[in-house]
Amino acid sequence: MLKGKLYTQAVNGRVRVYFMQQGMPGEDPNTPVRIYRKLADTISFSFGMAGDAMGNWVEYIDNMKLTDPGVTCVFEGQLPYAYTFCEYMDADVEIGHCYVYWVVSQGADNTVLGPTACRVRDPEVWWGHKRTVAELEKLAAEYPDLIEMKQYGETTMHRPMYALHIGNRKKVVAVAGAVHASEPGPELLVRAVRHIIKMRPDLLDKVGLAMLPTINIDVREETVNGTPHYLRKNHNGVDLNRNFPWEWKEDFVYGVSNTIPESSTYHGPYAGSENESRAAMAFVDAVVPAALFVYDSSSVITEDTLLFDGEPADGPSYDYANVVANIYSKGFRADHPGCGTFTAAPVSFPPELDCFAETGKPTATFEGWAYYKYFCPAFSLQSSNSKEGCCNDDDQVPLERLEQWSLRHAYALIAVMEFLAKEA
Ligand SMILES: [Zn+2]
């Protein structure tokens, strides 16, 4: 007899469909089933701004019916059964598409589980925790004299949070990713760091790098596992980029109060309440960076719109931050081989985003906290809406674009590191 709910997980370009069955004593619990599927590409990654709640998509999926057009039976019979779980591996799916599943018992109970939706993403483009740790270990093993891998705390679900320290430890550029779950992280940053190590080992002697590739590790797993829509908050439902102890207070960015737990920008029960925020702070406290770049955009890549929120025009490093931002942007946009073309409106610093015009800028952010603690230039990197990047609310960035944009960020970071190397 079917129990509970229907689960799905994207695994290396296939979909694992699984559920529980239990029987009365003496009864065979493994009832034959039918599995139904519908292609559901209408479910998009995100709609509108990053701050939008995603509840609408959950309801959209919940309201799909077995009798809807396009629903077909993809399996009929008895599935392998182990420890109350039945599993069906659907290999007849394609990367880039979204599928909705149901399972219907063919026993006396006629139970229906589902609908449950799964998006099949390219596993080279979106990396989960396991892949990320393997890539960090691999990189550290390749350059044992250059790289140290260190743990800074653990996530809400107790996954270890690792960072790499590369090269010089006194003057350091820090990079961090995925403070929001479905945003740029390890895939972009590990690739960029690899380029820098290959291209400029000399420079790393003078200015080091420190990388915390994924902050919201737990919920990013859900994106990698196939949750179709954009995800933002951590496992406790807290927007980590509103949880840092700098100006931690009520704000209304994206039109919602960050004090409401159901809002997409909920700032948590108190400043620095979350394991992930505390680990990110421990990372910055250990590094004391000369500059911090937080890669942030509702996609797997981001561009050169560098926000320095929280930094007032009369602040002590405002002009300096402006200089650094311009250097980064120039390096990012330069015409280097292997980077493809980049077609976007010029960005001026500090950029003013329409989405903050009426509501004010976000507070209690990671980069804002780092800026006020160390007065280092600290930025959140957003999309510049380039034609090629198509990275405003899009989870379908092709691998080629991810490769090109990671190289662009490598050149941008090299430009900043060269500038810092010249400084006393
Ligand atoms: Zn974000």
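Our subject is the structure listed above.
Below is a short write-up of the structure. All values derive from a computational prediction rather than experimental measurement. (Residues numbered from 1 in each chain as written. Predicted model: local features only at pLDDT ≥ 70, side-chain atom pairs only at ≥ 80, totals over all residues.)

1. Notes on the packing of helix 3 (residues 186-199) against helix 9 (residues 399-422)
To characterise two packed helices, one gives the angle between the axes of the helices and the distance between these axes.
1) Next: Packing of helix 3 against helix 9 leaves a shortest axis separation of 8 Å and a crossing angle of 55°. It follows from the interaxial angle that helix 3 and helix 9 lie oblique. Note that helix 3 runs across helix 9; the crossing there is right-handed. When helix 3 is examined against helix 9, the residues Glu187, Leu188, Arg191, Ala192, His195, Ile196 and Met199 are found in contact with a partner set consisting of Leu402, Glu403, Trp405, Ser406, Leu407, His409, Ala410, Leu413 and Ile414.
2) Next: When grouped by side-chain class, the residues that make up the contact of helix 3 with helix 9 number 10 nonpolar, 3 polar and 3 charged. (Axes fitted to C-alpha atoms, helices over the stretch in contact; angles between N-to-C directions. Helix = DSSP H or I, 4+ residues; strand = E, 2+ residues; numbered from the N terminus. Parallel < 35°, antiparallel > 145°, perpendicular 65-115°, else oblique. Left-handed = near helix turned anticlockwise from the far one by under 90°. Contact = placed C-beta atoms within 7 Å. Nonpolar A, V, L, I, M, F, W, Y, C, P; charged D, E, K, R; others polar.)

2. Observations concerning helix 7 (residues 318-333)
1) Next: For helix 7, with 16 residues, the first-to-last C-alpha span of 22 Å sits near the 22 Å given by 1.5 Å per residue.
2) Next: Among the residues making up helix 7, those that are buried are Ala321, Val324, Ala325, Tyr328, Ser329, Gly331, Phe332 and Arg333.
3) Next: Its buried side turned inward, helix 7 meets strand 13 (291-295), strand 14 (305-307), strand 15 (378-382) and helix 9. (Expected span 1.5 Å × (residues − 1). Buried ≥ 20, exposed ≤ 12 C-beta atoms within 10 Å, placed from the backbone.)

3. Concerning the sheet that holds strand 2 (residues 14-21)
1) Next: Here 4 strands make up an open sheet; going across it, the order is 1-2-6-5 and the pairing antiparallel. Each edge of the open sheet carries a strand with a single partner, namely strand 1 (2-11) and strand 5 (81-82).
2) Next: Across 2 bridges, strand 5 lies against strand 6 (residues 85-90) in antiparallel orientation. Its bridge partner lying in strand 6, Tyr81 is registered against Cys86. (Pairing = 2+ DSSP bridges.)

4. Focus on unusual backbone geometry
1) Next: In this structure, Pro115 follows Gly114 across a cis peptide bond, with omega equal to 5°.
2) Next: Here Pro115 shows up in strand 8 (residues 112-119).
3) Next: The amide bond that connects Phe349 to the next residue, Pro350, takes the cis arrangement and shows omega of -10°.
4) Next: On the secondary structure map, Pro350 appears in the loop between helix 7 and helix 8 (366-374).

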